[in-house]
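Analysis of the macromolecular model
What follows is the residue order along each chain.
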Amino acid sequence: MLPFFGFSQNHSATISGHVVDEDENPIANVSVFILGKTSGTTTNDSGYFKITAKANKAFALIFSYSGRKTVQRYFLLNEDEKEQVTIRMEKGEKTLAEVILKDERDRKEAGLIKLNPKTVLQLPSAISGVESLIKIFVGSNNELTSQYSVRGGSYDENLIYVNDFEIFRPYLVSSGQQEGLSFINPEMVQGLNFYNGGFQAKYGDKLSSVLDIKYKKPTKFEGSAYISLLEQGIQLGGITPNKKFTYLVGLRNRSNRNLLSSQETKGNYVPSSTDLQALFTYQFNPKFSAELLGNFSQTKFSLIPQESQLTSSVFSPLFSTALGIDINFDGREKDAYKTKMIGLSFINRLNKKTKLKWMLSRFENDEQENVDITGTYLFGERDFDQENPTFGLIVNPLGAGVYQHWSRNQLNIENWNVSHKGSSDLGKHALQWGVGYDRTIIKDKLNEWEFQDSAGYALPYQPNMLQLDKVLKSTTDLNINKFSGYIQDNILLDNDSNHTTTLTAGVRFNYNSLNKELLISPRIGASWNPKWKRDIIFRMAVGAYDQPPFYRELRRYDGTVNTNVKAQKSWQGVVGFDYNFIGIGGRPMRWTTEMYYKSLRDVVPYDLDNVKLRYFGENNAKAYATGIEMRLHGELVPDAESWISIGVMKSAENLDNDFYYRYKNAAGEFITAQSTDQTVTDSVKFDVGWLRRPQDRRITFGMFFSDYLPTNKNFKMYLHLLYGSNMPYNIPNAVRYRNAAVIEPYIRADIGFSALLLDEDKARRRSHSPFRKFKNIWASLEIFNIIDRPNTISYLFIKDFSNTVYLMPNRLTPRLLNFKIVARW
């Protein structure tokens, strides 16, 4: 942040007048202030006011009084001009005095970020949803996916709960463009808690994070509908007259065709995703109630590629050039992903202090991938001189060939869960406990191969034999039983005028029949409020976090399944503080800082390609992650929420037996092992040692900033910024070439402009208006990737005629416009 200093003359104008009611009677003590300012004036006993404002600049005056409708008037006055007005204030609906209940749980729990669901609806992002907001705090490298990495962990290390039911994601998805809607419907969300580490024992067995979602329980009839170029949806909620039955139903449809059609690979993209969710509740009596949560979603992705042009610049002390590859495709890809979920829970409130909950759920993922695509490519130097007739063409070929990718993959995962959890308030102690049983059925059929031809030779080359580059054939049928549970105590150690100290201690267990491993995970957290003049709370957490293998961790690179994989284990520590203060303009702000360290063992290493994780299928590594995160939250502009997040991290891993040999000839020179014209006389062993993990980003920055016109709050702006420094890229299944390449920094800026077309007051002006029941209608224009930066997500490996390997970047989406209308009633 750089300070700005300006010097100017004080040009002003004056507005004065009277404020009266419907009968022209003066109203005293009316608050009068300029929109965007914190100070103002009030009317006297005769309703008179006088206020000074800057001249030659548009501004708005706000007139506010309890029991009266707020009035907003606009002015643009010349220097020394004096304007007299009469303001009539109509009676408004009866309002109750505002009562603010402060929930400071998010200040006392390590890693907890309590988010406003309304912010999700305002955030301009290519993939709308809760996950886009989370990426502000954890970083991102792909705007097309709802998956995220937390503190150096993989996508599979994150827990998601909706109304206490665990949610699973599709597993065969290999690129963001294949993804559809996220499970979470943001229009149905009431509470949103995100833990980026240090979470309590009551949450499940994952290494990195927890996203805990609570859906709304309507108290009256309500609804919303929206339509945009990418997504459409409607949500309805209500309650019966006897107040016993509530319903909440949401239907969404999304197509990323506009996003994908602008990518470098041209073709016929037909992506579609549909999602139907419903939450029903019934209150049998004051102590006993039931909830039913259901979901059905279906995502289809079809692609008939035509051509692709990729370009990468090469710089060296000797020369620089622009390399390109032109690919012509034949074939198609057709994928389908279905998710079905139903969960039933019964809640029994024995008394004011004890609550019991029983849950039964079934979750199923049914996934299919069908690919048969052949690409013919020409690789070489591309001409970028617009004056040449060969502009944009390959003018100096370095390589040519053909590759084919064929797959018929099927996966069905079915998970049954029966669980119980409860809580009891015992004064200074608050006990929580839970126990659960899961039965997971996995049926998997993997059948895929790749063929590569370079300069007329099949790779790897074998004389008189057609050799495929990669063949994966595997069938899996697993039945896994899992038992888990926890108990924890939330203790208020002391609470006096000098300080407040809380302690949370708990332990959870997990037993998995697949590898017959019993895990015990103790966890402890504490907070201390010294009650200084400055409002600051210190907090910490330490504990064991273990993650049993589920599906992807079991599969090796060759397609075989290793059922002996043990759980990945870690010890984690978090320490930090939360500071509330009054910022610019007298507005409340919050600054949070956390430092963390994670020590991991029995790690299953993996390679990342787009969003596809390829595990080694062995517990053959150890790792660590350490860093610091800082967040600023508040109203940088009055009545407009904003977030700023900065993170610095280092994450590394060390694989067992990660060594390789280089060979020498008789002259002592290094040669390749495949050389046939030289004799190997010696070899040198190289140990790889510690390397950066696939999701290691040293610096991340995220910001959500909201603002509005100084003269009119009905015109708003939302800015979404993301920055992530470079991350390593591993050559798949090659120990020597781990961290051999780097993906350049991810920089993304999205901006949205919203205008209020109709509010509740306008809708009620005419009794026959079809919009009289609407709360508001907003129209938004969004610009994605406003700086039009070509971010890289992965690389394509190309060999030239001399067998030298080049990496050609696969880019993400360019600049794109989106228009959206949202109506609520």
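Because the structure is predicted, anything quoted here is derived from the model rather than measured.

Quick notes on the overall build of the protein chain
- Along the protein chain, the regular secondary structure elements total 5 helices and 45 strands.
- Projected onto the principal axes, the alpha-carbon positions of the protein chain cover approximately 105 × 75 × 55 Å.
- Looking at the 825 residues of the protein chain, the share that counts as buried comes to 51%.
- Looking at the protein chain as shown, the accessible area adds up to about 39600 Å², and 55% of this sits on carbon and sulfur atoms.
- With 100 positive and 89 negative side-chain charges, the protein chain shows a separation of 7 Å between the mean positions of the two kinds.

Here we look at the sheet that holds strand 12 (residues 209–215)
- Pairing is mixed in the open sheet, where 5 strands are placed in the order 8-11-12-9-10. Two strands bound the open sheet, and with one partner strand each, they are strand 8 (112–114) and strand 10 (165–166).
- In terms of strand pairing, strand 9 (residues 158–162) meets strand 12 through 5 bridges, oriented parallel. Residue pairing in the sheet places Ile 160 in a bridge with Leu 211 of strand 12.

Digging into a positive patch on the surface
- On the surface, Lys 300, Arg 332, Lys 334 and Lys 338 cluster together into a positively charged patch.
- The element that contributes the greatest number of residues to the positive patch is strand 18 (residues 320–349), accounting for 3 residues.
- Relative to the helices and strands, Lys 300 is located in strand 17 (residues 288–315).
- For Lys 300, a relative accessible area of 44% gives the class partly exposed.

Some thoughts on the packing of aromatic side chains
- Evaluation of the coordinates by the stated rule reveals 35 aromatic pairs.
- With a centroid separation of 6.0 Å and an interplanar angle of 45°, the aromatic rings of Tyr 161 and Tyr 203 are classed as tilted. Remark: Tyr 203 occurs in the loop between strand 11 (189–195) and strand 12 and Tyr 161 occurs in strand 9; sequence separation between them is 42 residues.
- Residue class for Tyr 161 comes out buried when judged on its relative accessible area of 10%.
- According to the relative accessible area criterion, Tyr 203 is buried, its value standing at 6%.
- For the ring pair Tyr 195 and Tyr 203, a centre distance of 5.1 Å and an interplane angle of 50° mean the geometry is tilted.
- Members of the aromatic cluster, connected to one another through ring pairs, are Phe 168, Tyr 171, Phe 183, Phe 363, Phe 550 and Tyr 551.
- One cation-aromatic arrangement involves Arg 151 over Tyr 596; the distance from NZ or CZ to the ring centre is 4.2 Å.
- For the cation-ring pair, Lys 685 lies above Phe 659, with the distance from its terminal atom to the ring centre recorded as 4.3 Å.

With respect to helix 3 (residues 130–138)
- The buried fraction of helix 3 is high, at 9 of 9 residues.
- Listed as buried for helix 3 are Val 130, Glu 131, Ser 132, Leu 133, Ile 134, Lys 135, Ile 136, Phe 137 and Val 138.
- Count one or two residues on from helix 3 and you reach Gly 139, which has phi positive near 90°.

What to know about the nonpolar core
- Formed by 61 residues in total, the largest nonpolar core has its most connected members in Ile 184, Leu 192, Leu 211, Ile 213 and Tyr 215.
- If you tally residues by element for this core, the top one is helix 3, at 6 residues.
- Not counting chain neighbours up to four residues away, the residues in contact with Leu 192 comprise Ile 113, Lys 114, Leu 115, Val 120, Val 130, Leu 133, Leu 211, Asp 212 and Ile 213.
- Core analysis: the next-biggest nonpolar cluster, separate from the first, contains 20 residues, Ile 51, Val 71, Leu 77 and Val 85 among them.

Quick notes on the rules
Residues numbered from 1 in each chain as written. Predicted model: local features only at pLDDT ≥ 70, side-chain atom pairs only at ≥ 80, totals over all residues. Heavy atoms only, no water. Helix = DSSP H or I, 4+ residues; strand = E, 2+ residues; numbered from the N terminus. Buried < 20%, exposed > 50% of the residue type's maximum accessible area, 1.4 Å probe, protein only. Areas by Shrake-Rupley, 256 points an atom, 1.4 Å probe, with all protein chains shown as cover. Lys, Arg positive; Asp, Glu negative; His and termini not counted. Charge placed at Lys NZ, Arg CZ, Asp CG, Glu CD. Pairing = 2+ DSSP bridges. Patch = residues over 30% accessible without salt bridge, like charges linked within 9 Å, V, L, I, M, F, W, Y side chains within 5 Å. Salt bridge = Lys/Arg side-chain N within 4 Å of Asp/Glu carboxyl O. Phe/Tyr/Trp six-rings, centres within 6.5 Å; stacked < 30°, edge-to-face > 60°. Lys NZ or Arg CZ within 6 Å of the ring centre and 35° of its normal. Core = buried A, V, L, I, M, F, W, Y, C linked by side-chain atoms within 4.5 Å. Contact = heavy atoms within 4.5 Å.

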